Amino acid sequence: MENKVILVLSDRLGQGDKNLGEGILETFFTLLKQKEQKPKAIFCMNRGVFTMTDQSLVSVHLKELENQGVEVLACKTCADYYEVSDKLTAGKISGMDKFIELSSQYEVLTLS
């Protein structure tokens, strides 16, 4: 996992029931933070930026991963579009250039 970047495109995992998808995504990050090997970074785009706010229980896990040394980044365009730039409780704002840089160096695992 340490040679990967996780790309989070939504505030839930999968296309089914909203509550189920949110729960599955939270479970993913709950288990990820317990693993010895961590990803290089987590980059949130589109509705994925909501996972970095209090609107999502995932934000607690992202904050813990950040404290464990994982870069947690939000797409600036997306955060601005959804008006959450000032509501992030985990991570920081970044640009697409950073994602391009990371994706050229590390394998990308996409969650949508």
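Residues numbered from 1 in each chain as written. Predicted model: local features only at pLDDT ≥ 70, side-chain atom pairs only at ≥ 80, totals over all residues. Heavy atoms only, no water.

Per an unreviewed UniProt entry, the protein chain carries the name DsrE/DsrF-like family protein and comes from Schinkia azotoformans MEV2011.

1. Description of the sheet that holds strand β3 (residues 71-75)
In spatial order, the strands read β4-β3-β2-β1-β5; together these five strands make up an open sheet with parallel pairing. The sheet terminates laterally at β4 (92-94) and β5 (107-111), the two strands that pair on one side only. Ignoring which end each strand starts from, the neighbouring axes of this sheet average 30 degrees apart. Here four bridges tie strand β1 (residues 4-8) to strand β2 (residues 41-44), and the two strands are oriented parallel to one another. Within β2, the residue paired with Val5 across the bridge is Ala41. (Pairing = 2+ DSSP bridges. Helix = DSSP H or I, 4+ residues; strand = E, 2+ residues; numbered from the N terminus. Axes fitted to C-alpha atoms, helices over the stretch in contact; angles between N-to-C directions.)

2. Topic: the packing of aromatic side chains
Counted by the stated rule, this structure contains four aromatic pairs. An angle of 90 degrees between the planes, with centres 5.1 Å apart, marks the rings of Phe28 and Phe29 as edge-to-face. Given the relative accessible area of 23%, Phe28 is considered partly exposed. Overall, Phe29 belongs to the buried group, its relative accessible area being 1%. Members of the aromatic cluster, each reached through a chain of ring pairs, are Phe50, Tyr81 and Tyr82. (Phe/Tyr/Trp six-rings, centres within 6.5 Å; stacked < 30°, edge-to-face > 60°. Buried < 20%, exposed > 50% of the residue type's maximum accessible area, 1.4 Å probe, protein only.)

3. Some details on the packing of helix α1 (residues 18-32) against helix α2 (residues 58-67)
Where α1 contacts α2, the axes come no closer than 9 Å and their chain directions differ by 20 degrees. The orientation of α1 with respect to α2, classified from their angle, is roughly parallel. When the axes of α1 and α2 are compared, the crossing they make is left-handed. Contacts from Leu25, Glu26, Phe29, Thr30 and Leu32 of α1 reach α2 at Val58, His61, Leu62 and Leu65. For the contact of α1 with α2, a count of residues per class yields six nonpolar, two polar and one charged. (Parallel < 35°, antiparallel > 145°, perpendicular 65-115°, else oblique. Left-handed = near helix turned anticlockwise from the far one by under 90°. Contact = heavy atoms within 4.5 Å. Nonpolar A, V, L, I, M, F, W, Y, C, P; charged D, E, K, R; others polar.)

4. Let's talk about the pairing of β3
Most of β3 sits out of view: four of its five residues are buried. For the crossover from β2 across α2 to β3, the handedness is right-handed. (Right-handed = clockwise from strand over helix to strand, strands pointing away.)

5. Quick look at the pattern of salt bridges
A full pass over the atoms with the stated rule returns nine salt bridges. Across the pair Asp11 and Arg12 runs a salt bridge whose closest N-O atoms are separated by 3.9 Å. The salt bridge involving Arg47 is made with Asp11; its shortest N-O contact spans 2.9 Å. Residue Arg47 is found in the loop between β2 and α2, and its partner Asp11 is found in the loop between β1 and α1; the two are separated by 36 residues along the sequence. Relative accessible area serves as the criterion here: at 32%, Arg47 is assigned to the partly exposed category. (Salt bridge = Lys/Arg side-chain N within 4 Å of Asp/Glu carboxyl O.)

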